[in-house]
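Close look at the chain arrangement
Below are the chains, spelled out letter by letter.
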Amino acid sequence: ELKVEQNPLFLSMQEGKNYTIYCNYSTTSDRLYWYRQDPGKSLESLFVLLSNGAVKQEGRLMASLDTKARLSTLHITAAVHDLSATYFCAVDIFGNEKLTFGTGTRLTIIP
Amino acid sequence: DVKVTQSSRYLVKRTGEKVFLECVQDMDHENMFWYRQDPGLGLRLIYFSYDVKMKEKGDIPEGYSVSREKKERFSLILESASTNQTSMYLCASSHLGSGRSDTQYFGPGTRLTVL
């Protein structure tokens, strides 16, 4: 059974600081997705990572994928308040777009 | 702009009622999905569909059924609602695979309460 684990589950950080969210998964996959969810809202796609070593960046967020370690990271640089949200990673192990989601990391940026 | 819509944002039903949740997408996507989201559990896949009249079970299909009569519409049915089906339900759609890197696009969600 595929398991997708994120850590930390909760993260409070000060504005201007850097931090990393980790996503570990238990079965080989080279397709990983990151989503953002604001309170009371739906999920918004952030990144799609499709191969080992893939790295994507958008603003203060950067995501990477290491398929050998079964690990993806979401790095936040110089955090700002509007990055406060819950972040989910999701893995597609069969390439059939059936995603297994992590439990999410609730990020709060403190001024 | 891509769009996935769901028929209700909030719904309150009684135990034993038959409940229909509707989802419509305007992106001509082949794939459609129904998830439920519960605190501490993330999103869990209930059912998905690759094409009209096709359906496949996800990880937690018990107590649910689905219908896809048209490409743009995917319905989730709770035949006899129970209190443990109180949850946030999210619909999503995407293009069929074949190496495409398209992500799933999500609707706004329906918060269902079963009393």
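Presented here is an overview of the structure given in this document.

What counts and how
Residues numbered from 1 in each chain as written. Chains lettered and ligands numbered in written order. Predicted model: local features only at pLDDT ≥ 70, side-chain atom pairs only at ≥ 80, totals over all residues. Heavy atoms only, no water. Helix = DSSP H or I, 4+ residues; strand = E, 2+ residues; numbered from the N terminus. Rg over C-alpha atoms; globule rule 2.2 N^0.38 Å. Contact = heavy atoms within 4.5 Å. Areas by Shrake-Rupley, 256 points an atom, 1.4 Å probe, with all protein chains shown as cover. Lys, Arg positive; Asp, Glu negative; His and termini not counted. Charge placed at Lys NZ, Arg CZ, Asp CG, Glu CD. Buried area = accessible area lost by both parts, 1.4 Å probe. Salt bridge = Lys/Arg side-chain N within 4 Å of Asp/Glu carboxyl O. Polar contact = N/O pair within 3.5 Å; in protein donor to acceptor, adjacent residues only side chain to side chain. Core = buried A, V, L, I, M, F, W, Y, C linked by side-chain atoms within 4.5 Å. Buried < 20%, exposed > 50% of the residue type's maximum accessible area, 1.4 Å probe, protein only. Disulfide = S-S within 2.5 Å. Phe/Tyr/Trp six-rings, centres within 6.5 Å; stacked < 30°, edge-to-face > 60°. Pairing = 2+ DSSP bridges.

Moving on to the overall build of chain B. Across its full length, chain B holds zero helices and eleven strands. Helices (α) and strands (β) of chain B occur, in sequence order from the N terminus, as β-β-β-β-β-β-β-β-β-β-β. Its C-alpha atoms give chain B a radius of gyration of 14 Å, near enough to 13 Å, the size a compact globule of 115 residues would have. Its C-alpha atoms give chain B principal-axis dimensions of about 45 × 30 × 25 Å. Within chain B, residue pairs in contact and separated by at least 24 positions form 56% of the contacts whose partners lie at least 6 positions apart. Just so you have it, chain B exposes about 5600 Å², and 49% of that area is on carbon and sulfur atoms. Taking the 16 positively charged and 15 negatively charged side chains of chain B as two groups, their mean positions are separated by 5 Å.

Every contact between the two is made by 18 residues of chain A and, on the other side, 28 residues of chain B. Together, Glu97, Lys98 and Phe101 of chain A form the three largest contributors to the area buried by chain A at its contact with chain B, with a combined 34%. Our count for the contact surface shared by chain A and chain B stands at one salt bridge. Our enumeration of links across chain A and chain B arrives at six residue pairs in polar contact (both at pLDDT 80 or more).

Our next topic: the nonpolar core. With 25 residues, the main nonpolar core has Leu32, Trp34, Leu74 and Tyr87 of chain A as its most contacted residues. Looking at this core, the elements that each hand over two or more residues are strand S2 (10–14), strand S3 (19–25), strand S4 (32–37), strand S5 (43–49), strand S7 (61–66), strand S8 (71–76), strand S9 (85–91) and strand S11 (105–110) of chain A. When residues of this core are assigned to their parent elements, the largest contribution, four residues, is made by S9 of chain A. Setting aside residues no more than four positions away along its own chain, Leu32 of chain A makes contact with Cys23, Tyr25, Phe47, Val48, Leu49, Leu65, Ser72, Cys89, Ala90 and Val91 of chain A. Of all hydrophobic cores here, the second largest spans 21 residues; its members include Met32, Ile46, Leu76 and Ala81 of chain B.

Attention now goes to the state of the cysteines. One pass over the structure, following the stated rule, counts two disulfides over all chains. Disulfide pairing places Cys23 of chain A opposite Cys89 of chain A at an S-S distance of 2.0 Å. One quick way to see it: the torsion about the S-S bond of Cys23 of chain A and Cys89 of chain A is about 80 degrees, and its sign makes the bridge right-handed. Remark: Cys89 of chain A occurs in strand S9 and Cys23 of chain A occurs in strand S3; sequence separation between them is 66 residues. For the pair formed by Cys23 of chain A and Cys89 of chain A, the shared burial category is buried. Sulfur-sulfur distance for the disulfide between Cys23 of chain B and Cys91 of chain B comes to 1.9 Å. Because the torsion about its S-S bond is -75 degrees, the bridge between Cys23 of chain B and Cys91 of chain B counts as left-handed. Here Cys23 of chain B is found in strand S3 (residues 19–25), whereas its partner Cys91 of chain B is found in strand S9 (residues 87–94), with 68 residues between them in sequence. For Cys91 of chain B, a relative accessible area of 0% translates into the label buried.

In this description, an aromatic ring pair is defined by two values, namely the gap between the centres and the angle between the planes. A complete count under the given rule lists ten aromatic pairs over all chains for this structure. The interplanar angle of 85 degrees and the centroid separation of 5.4 Å between the aromatic rings of Tyr35 of chain A and Phe106 of chain B together place this pair among those described as edge-to-face. Note that Tyr35 of chain A is positioned in strand S4 and Phe106 of chain B in strand S10 (residues 105–106), a pairing that runs across two chains. The exposure class of Tyr35 of chain A is buried, given its relative accessible area of 0%. Taking 6.1 Å as the distance between ring centres and 15 degrees as the angle between the ring planes, the aromatic pair formed by Phe33 of chain B and Phe48 of chain B counts as stacked.

We now examine the pairing of strand S5 (residues 42–49) of chain B. Residues and elements named next belong to chain B. Within S5, seven of the eight residues are buried, leaving the element largely enclosed by the surrounding structure. As judged from the seven bridges shared by strand S4 (residues 31–38) and S5, these two strands associate in the antiparallel manner. Bridge assignment links Gln37 to a residue of S5, and that residue is Leu43. The turn linking S4 back onto S5 is made up of three residues, and Gly40 within it adopts a positive phi angle of 80 degrees. Relative to strand S6 (residues 56–57), S5 runs antiparallel, the two sharing two bridges. Across the sheet, Tyr47 pairs through a bridge with Lys57, a residue of S6.

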